[in-house]
Amino acid sequence: YIQNDILMYVNDVFACEIPQLSEILQEKLLRFAVLPVLVRSVRPVALGGELQPARDTLAAPTAWYLLHDLLATLSNSPVLAALSFALLRSQVPEEVLQLAVAPPPRTPTQYYAIQASWGVETRPGPFVRGDTTTSDEALYSMPAVPLVAVLDSRDRSRLLVHNRLLEFVDEKLKSLCHGSEAEASATSMLGALRLLLRALRAAREALDGGVAERLGTTLCDLLAMHTRLQWATLDGVLSALTELAAAADAPLGRARLILGPRLRERVLFPLAADLQAGSKHPSGPLQDAWLFDFQEQWNGHQAAPTTDTAALQRQRDILEQGALADTASAPEGRARCVRVLLGAWRLAIVSSHQWEDRHDRMPGLDESEAEETGRFQPGVPVHIGKMNRVKCYVKRRGAEPEAVYLLPTQATFLLVRPDEQKPFWAVPVVAEPLRMLRLVPLPGEGGGGGPLEQLNAPPGANGHEPPRVLNLEVLAPRSPLLRTLAATGGGGASPQTPLRDSLANTMGGVPTAWGHSADPADGISMSMPAALPGTGAAGSPTNGSPLTLMFSDDRRRRLACKILAQARHAVCQRMTEGINTFLVDIQSDLV
C-alpha cells in the first residue's frame, strides 16, 4: 500500500504546522491529484453520446479505493472540507468543475531530468502529455486565489453553477441497485460518501436540504432492495445514511423531516410487515429459528460501532480488506431483513432525538431475566434455600463427571454445585438465558416419543444401569464452563458406566442401591424437584455449543427435560408477543 505510505508522509508535513507549506501542499493536492485524477477517474466523460472512461484516467474501482483511503488517512481539515464542498454542494464555482473534467497538468520536466541523471530510463506516461510550452515554475506556481478560498461559501461575489459532480455521485449510488460493475467499488464508494459527510459536518457546513433529500431517497431505495445487494454494501448504506442524518440535522430536527418519511415508507413499514407475517408459526422449530434470527441480529446491531473512533477504525478495516464478497457470517434471508430493519429503526429514533435507555433492551425480554442474570453469576455463591432441584452430571474431557444440580427458574438455564461452606447455598456453574437454549431429542424422541411424553420409570431405576443423557445446545454461551467445553470439544459424553446419585436418598452418606455411601452430607440434595406446569416445545435448529447432562435414571432425565422445555416455552411465548408488539408499533409509526 505505497499510496498510504505517501499519505502518511503528507500527514507528517501537515503536522509541522508551517502555514505557508501547508497552504502550498493543500493547493497541489487538490489541483493536481484529487480533482483532476481521482474525481475525474470516477466520473466518465461523454464521447460520442456515451459515457466512457478517458485514456489518461484510473480504473473506477481503483480511483474510488484511493479516494476512500485519502479521506480515511489524511488529517488536514481544509483539504477534506474543500473536497466535500466540491462534491456535496448543489452549486459550485465553474473553476472547480473544470478541474474535475479537464486532463491533469503534465508531470514536471525536471522530474524526468532528475531520473535521467540517475541512469533511469524514462518512458512517457498518461500524465506526460499536455502543455509543453509553459515552464514548470509557471505551471506549478501558486494561484492568486487558492482553491480552498474559491470554495469558501462566505464569498457571495463568485459565480456559481449547477454541480454536475453531485449528480454523478447520486447516479453512481443508484447504479448499485442494478447489479452493475459499480458494485465492485460499492464499499469504497459508500465509505468515501460517509467520510465526505463527516468532513462537511466538521466544517460546520449545513447540508443543503435538496441534497439531503436526494441522497437520502437513493440510500433508502438501496435498503429496500436488501435481498439483491451484498451485506457489505448494505452495511455501508446504513453507515452512510446515519452520517447523512447527522449532517442534515441543522437546525435540530431537520433530519427527521427530510429523511423520516422516505425511511418509513421504503424501509420500516414494508420490512416490519414482512417479519410480522413470518412470525406467525406455531410453537416448534420454525418459531424458534425465527426468534433466534431476531436475537442474533439484535446482538449484532447493538455491537455496531457508534463512536467516532470506532467508526474511523471500521473504515480502516474496510480499506485493509478491500471489496470482498460476503463471508459465511453475513446475515442472509430473514436475518438480513431483521438487521436492516433494526438499523433503520435506530436511525429513525436517533434522528428524532427520542433515544432512551429502554431502546437498548431487546423487545420481548421481561424483568425476570434481568433479575435472574443479576442474581445468578457463575462462580458467585447464592442462597437458594429449599428450591427444587435435579441432580445430574457434566462430563469434561479427561476428567471424572462433575455433579451439578439443575434448578428450575423463570428465564435462566441454571446449573449449580453445593457451596462447601454454607448449607442451602450454591455456586452457579452455568447461567444462560433459556431463550438461548435448545433441547436436542434423542433418537426415537422426535415424534410421539418426545421429551414431554408420560414419565415411566424403567425397571431397575437407580440400579446398575448406564446413565441417561440429555443433549442440549447453548447458543452464544457466556458461562466459563460452557466456553471451556466448547473450546476443548468436551461438551458431549458417551457414558458407559453407572453414576452414583445421592439424590435417590434424603441425606448423603446412607445405604443406596450401590452400597453404603462414604460421601459427606450434601446440603443440596434434600428434596425431589416438582415439575413446572404448562407444555413444552422443541428448540431452535440453529447450531450452538453442545452440552450433555447425564442422569442416574431415565425418570430424572425426563423430568429435567420437562422442566426446561416448559420454562423455555413460556419464555419464547412472551418474547414472541413482545417482538410482535414491537413490529406493530413500527407499522403504526409509534417508535
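Each residue is numbered by its place in its chain's sequence as written, counting from 1. Reporting in this predicted model follows two pLDDT cut-offs: at least 70 for local features of residues, and 80 or more for side-chain atom pairs to be given and counted; totals over whole chains, interfaces and linings ignore these cut-offs and use all residues. Values shown for side chains rest on all heavy atoms present in the structure; no hydrogens or waters enter the calculation.

On to unusual backbone geometry. Looking along the chain, the bond that leaves Ala 250 and enters Pro 251 is cis, with omega of 5°. Within the secondary structure, Pro 251 sits in the loop between α12 (231-248) and α13 (254-278). Positive phi is not limited to glycine here, since Phe 424 has a value of about 65°. Among the secondary structure elements, Phe 424 is positioned in the loop between β8 (412-418) and β9 (425-433). Classification of Phe 424 by relative accessible area gives partly exposed; the value is 29%. Secondary structure follows DSSP: runs of H or I at least 4 residues long count as helices, runs of E at least 2 residues long count as strands, and numbering of each begins at the N terminus. Only protein chains enter the calculation, and the probe is 1.4 Å; a residue is then buried if its accessible area is under 20% of its type maximum, exposed if over 50%, and partly exposed in between.

A cavity here means a set of 1 Å grid points, computed over protein atoms only, where a 1.4 Å probe fits but cannot escape. A pocket is an open set with protein on both sides within 12 Å along at least 5 of 7 lines, and lining residues have an atom within 4 Å of a point. Grid points are joined across faces, edges and corners, and a volume is the space filled by probe spheres set on the points. Reported here for the second largest pocket is a volume of approximately 730 Å³. Put simply, the parts of the chain that give the lining of the second largest pocket at least two residues each are α1 (2-15), α2 (19-42) and α3 (60-73). Among the elements that line the lining of the second largest pocket, the one with the most residues is α2, at 8 residues. Gly is placed with the polar residues, together with every amino acid not listed as nonpolar (Ala, Val, Leu, Ile, Met, Phe, Trp, Tyr, Cys and Pro) or charged (Asp, Glu, Lys and Arg). Residue composition of the lining of the second largest pocket, grouped by class: 18 nonpolar, 2 polar and 2 charged.

A few words on the pairing of β9. Across the 9 residues that make up β9, a large majority, 8, are buried. Any two strands with at least two DSSP bridges between them are considered paired. As paired strands, strand β5 (residues 382-383) and β9 are joined by 2 bridges and run antiparallel to one another. Bridged to Val 382 within β9 is Ala 426. Relative to β9, β8 runs antiparallel, the two being bridged by 7 bridges.

Moving on, we get to the sheet that holds strand β10 (residues 437-440). Strand order in the open sheet formed by 8 strands is β5-β9-β8-β7-β6-β14-β11-β10, with antiparallel pairing between adjacent strands. Looking at which strands have only one partner, the edges of the open sheet turn out to be β5 and β10. Pairing between strand β11 (residues 468-474) and strand β14 (residues 545-551): 7 bridges, direction antiparallel. Pairing of Leu 472 across the sheet is with Leu 547, part of β14. Along the sheet face, helix α19 (residues 554-587) touches β6 (390-394), β7 (402-407), β8, β10, β11 and β14 and points at about 25° away from the line of β11. Residues count as neighbours in contact if any of their non-hydrogen atoms are within 4.5 Å of one another. In this analysis an axis means a line fitted to C-alpha atoms, helices contributing only their contacting stretch, and an angle means the value between N-to-C directions, from 0 to 180 degrees.

A full pass over the atoms with the stated rule returns 4 cavities of 30 Å³ or more. The computed volume of the largest cavity comes to approximately 50 Å³. In terms of lining, the largest cavity is formed by Val 39, Val 42, Arg 43, Trp 64, Leu 67, Leu 87, Leu 165, Phe 168 and Val 169. Those elements giving two or more residues to the lining of the largest cavity turn out to be α2, α3 and α9 (164-175). It is α9 that provides the largest number of residues to the lining of the largest cavity, a total of 3 residues. In terms of residue class, the lining of the largest cavity is made up of 8 nonpolar, no polar and 1 charged.

Another aspect to go through is the pattern of salt bridges. One side-chain nitrogen of Lys or Arg within 4 Å of one carboxyl oxygen of Asp or Glu is enough to make a salt bridge. Overall, the coordinates contain 19 salt bridges when judged by the stated rule. Arg 31 serves as the salt-bridge partner of Glu 95, at 2.8 Å between the closest nitrogen and oxygen. Here Glu 95 is found in helix α5 (residues 94-101), whereas its partner Arg 31 is found in helix α2, with 64 residues between them in sequence. According to the relative accessible area criterion, Glu 95 is partly exposed, its value standing at 35%. Among the residues examined, Arg 31 registers a relative accessible area of 13% and is labelled buried. Between Arg 214 and Asp 170 there is a salt bridge, with the nearest N and O atoms lying 2.9 Å from each other. Remark: Asp 170 occurs in helix α9 and Arg 214 occurs in helix α11 (residues 209-224); sequence separation between them is 44 residues. Connected via shared salt-bridge partners are Glu 27, Arg 31 and Glu 95.

To continue, consider the nonpolar core. Grouped burial of nonpolar side chains is what soluble globular proteins tend to show. Residues belong to a common nonpolar core when they are buried Ala, Val, Leu, Ile, Met, Phe, Trp, Tyr or Cys residues joined through side-chain atoms within 4.5 Å. Among the nonpolar cores identified, the biggest contains 102 residues, and Leu 74, Leu 83, Leu 88, Leu 207, Leu 219 and Leu 244 are the most heavily contacted of them. Among the nonpolar cores identified, the runner-up in size contains 30 residues, and Val 390, Ala 411, Leu 415 and Leu 470 belong to it.

Attention now moves to a nonpolar patch on the surface. Candidates for patches are residues over 30% relative accessible area with no salt bridge; among them, like charges are joined within 9 Å and nonpolar side chains (Val, Leu, Ile, Met, Phe, Trp, Tyr) within 5 Å. Residue burial considers only the protein chains on display, and all accessible areas are found by Shrake-Rupley using a 1.4 Å probe. Together, Ile 114, Trp 118 and Val 120 make up an exposed nonpolar region whose accessible area comes to about 320 Å². Here Val 120 shows up in the loop between α6 (109-117) and α7 (136-139). By relative accessible area, Val 120 is classed as partly exposed at 39%.

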